[in-house]
Each structure stands twice: as structure tokens, then as C-alpha cells.
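Listed below are the residues making up each chain.
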Amino acid sequence: MKSNKSETQIGDVVAHIERDLSREETVRYFADAFREYGGTDLCLMLPGGMADGQMHPYGISGKLYEGELHANAGKPVPTLAPARISGEDLRAVLESGRTFERKDASREALAPFRYEVSGAEVDYDADRKVRSLKVNGVEVADEDVFTVTYFDGAVETSRLTDA
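Rules and cut-offs
- Residues numbered from 1 in each chain as written.
- Predicted model: local features only at pLDDT ≥ 70, side-chain atom pairs only at ≥ 80, totals over all residues.
- Heavy atoms only, no water.
- Pairing = 2+ DSSP bridges.
- Helix = DSSP H or I, 4+ residues; strand = E, 2+ residues; numbered from the N terminus.
- Contact = heavy atoms within 4.5 Å.
- Axes fitted to C-alpha atoms, helices over the stretch in contact; angles between N-to-C directions.
- Buried < 20%, exposed > 50% of the residue type's maximum accessible area, 1.4 Å probe, protein only.
- Salt bridge = Lys/Arg side-chain N within 4 Å of Asp/Glu carboxyl O.
- Core = buried A, V, L, I, M, F, W, Y, C linked by side-chain atoms within 4.5 Å.
- pLDDT = per-residue confidence, 0-100.

K.L.:
Sorry if this is basic, but what is going on with the sheet that holds strand β13 (residues 138-139) here?
P.N.:
Adjacent strands of a sheet form backbone hydrogen bonds with each other and so pair up, either parallel or antiparallel. Strand order across the open sheet formed by three strands is β11-β12-β13, with antiparallel pairing between neighbours. Edge positions in the sheet fall to β11 (121-124) and β13, since each has one partner strand and no second. Those strands touched by helix α2 (residues 87-96) are β11, β12 (130-135) and β13, and its axis lies near 130° from that of β12.

K.L.:
Help me out: how do you make sense of unusual backbone geometry in this one?
P.N.:
Note: most peptide bonds trans; most residues except glycine with negative phi. Notably, Asn136 is not glycine yet its phi reads approximately 55°, a positive angle. Following the sequence through the fold, Asn136 ends up in the loop between β12 and β13. Relative accessible area serves as the criterion here: at 73%, Asn136 is assigned to the exposed category.

K.L.:
Would you mind showing me how to read the pairing of β12 here?
P.N.:
Looking down a regular strand, the side chains alternate between one sheet face and the other. Across four bridges, the pairing between β11 and β12 is antiparallel. Opposite Asp123, over in β12, you have Ser132 as the bridge partner. Relative to β13, β12 is paired through two bridges, and the arrangement is antiparallel. Residue pairing across strands places Lys134 opposite Glu139, the latter belonging to β13. In textbook terms, the turn of a hairpin is the stretch between consecutive antiparallel strands, and for β12 and β13 this stretch comprises two residues, one of which, Asn136, has a positive phi near 55°.

K.L.:
I keep staring at the pattern of salt bridges and nothing clicks. Help me out?
P.N.:
When charged atoms on two side chains of opposite charge get close, those side chains can pair. Across all of its chains, the model carries six salt bridges by this definition. As a salt-bridge pair, Glu139 and Arg91 come within 3.8 Å of each other at their nearest N and O atoms. In this pair, Glu139 is assigned in strand β13 and Arg91 in helix α2, connecting sequence segments 48 residues apart. Classification of Glu139 as partly exposed rests on a relative accessible area of 37%. Among the charged side chains, a salt-bridge network with shared partners connects Arg91, Glu139 and Asp142.

K.L.:
In this structure, what is going on with the nonpolar core? I would like to understand it.
P.N.:
Burial of nonpolar side chains together is a common tendency in soluble globular proteins. Among the nonpolar cores identified, the biggest contains 33 residues, and Leu42, Leu44, Leu94 and Tyr115 are the most heavily contacted of them. Secondary structure elements with two or more residues in this core: α1 (23-38), β2 (42-47), β7 (80-86), α2, β12 and β14 (145-151). Counting residues per element, this core draws most heavily on β2, at five residues. Sequence-distant contacts of Leu94, that is, excluding residues within four places in its chain, are made with Leu44, Tyr115, Val117, Val122, Tyr124, Arg128, Val130 and Leu133.

K.L.:
Where do I start with the confidence of the model for the protein chain in this structure?
P.N.:
Caution is warranted with low-pLDDT regions, since their predicted coordinates should not be read in detail. Chain-level statistics for the protein chain give a pLDDT mean of 75 and a share of 66% at 70 or above. Of all secondary-structure elements in the protein chain, the lowest mean pLDDT belongs to strand β8 (residues 100-103), at 41, while β13 reaches the highest, 98. Note on residues 1-9: pLDDT under 50 across the span, and five contacts to partners over four residues away in sequence or across chains.

K.L.:
So what exactly am I meant to see when it comes to the pairing of β7 here?
P.N.:
Across seven bridges, β7 lies against β14 in antiparallel orientation. Directly across from Ala81, in β14, lies its bridge partner Tyr150. Two elements, β7 and strand β15 (residues 161-162), share two bridges in a ladder whose sense is antiparallel. Paired with Ala83 across the bridge in β15 is Asp162.

Okay, here's the thing in C-alpha cells:
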């Protein structure tokens, strides 16, 4: 029986994974790591994979397994970008979700994925509206401003300002 675990090792060891992680835990793991790497208040990370049968190109779509994590997975990855985002815009981004379907050179938005947010606690109501959004245990006000790390292309740039 073929294992799901890859035996290919490329690049320096950057972490040791203590146990197999689910897809959701893997997205959270990378969101936390990229927030730390970027030195920002928050990280917005999309789960990759399929949504309504469409592939999402700007997210984490795999799972991590127990063992060593290497610096280069051998596949191209989107560029991490830093920016600033207001509380109002953060709430709007979280309520919108984001996916893309490639059609020629354009991108068309499809059914939303929920962002994984490292550095914040988010609670949604049944209609996917943000009921509560806290950073450091404090409810976020519309006028609050945070630094954020994200995959370039995964967040509406109209909601961001330069870091």
C-alpha cells in the first residue's frame, strides 16, 4: 500500500512536526508561521483545494505529516506580502471569503472559502457575518489598524494599505 507521506526531502529542515495534522490544522500552522515570519499582528491564510468543484490557487491545500518540514517543497508558492488593514476592512474581508477560477488570464470570484486568521479570534453567525472579532482579547473597532501578512493575490487590495 502506498503511503500518503512523501519521502522527498528538499532544502534545510525548518521545523519538526510532532504528529500528523488535519488540513485545517495545517492551514492554521502555516498562518501562525507566516505571521511570525512577517512580524505582523495578523496573517490571513486561505485553505486551498476545492470549493464548488473549483481549485483555489492562493491557499494551503495539503496536510503536514509527522516528521521534518523542509524549506523548499519543490513547488512554486505565492509571494508573502505585508500590508495594513483597518478593523472595518478586516471584518469585510472575513465576511467575503475569496476564491478564484482561472479563465484565460483573468480571475473570477467563486464561492467563498473562510480565511484562517492567525492573531485574532473570529466568531461567525449563521449567515457568515462576523459576530465577534478580537485581537489580544479586545473587540476590534472599525478604526483600529493592524499589520497583516497574506499571500499576494489572496486579499482584495482595495481593502489594504502599504505596510
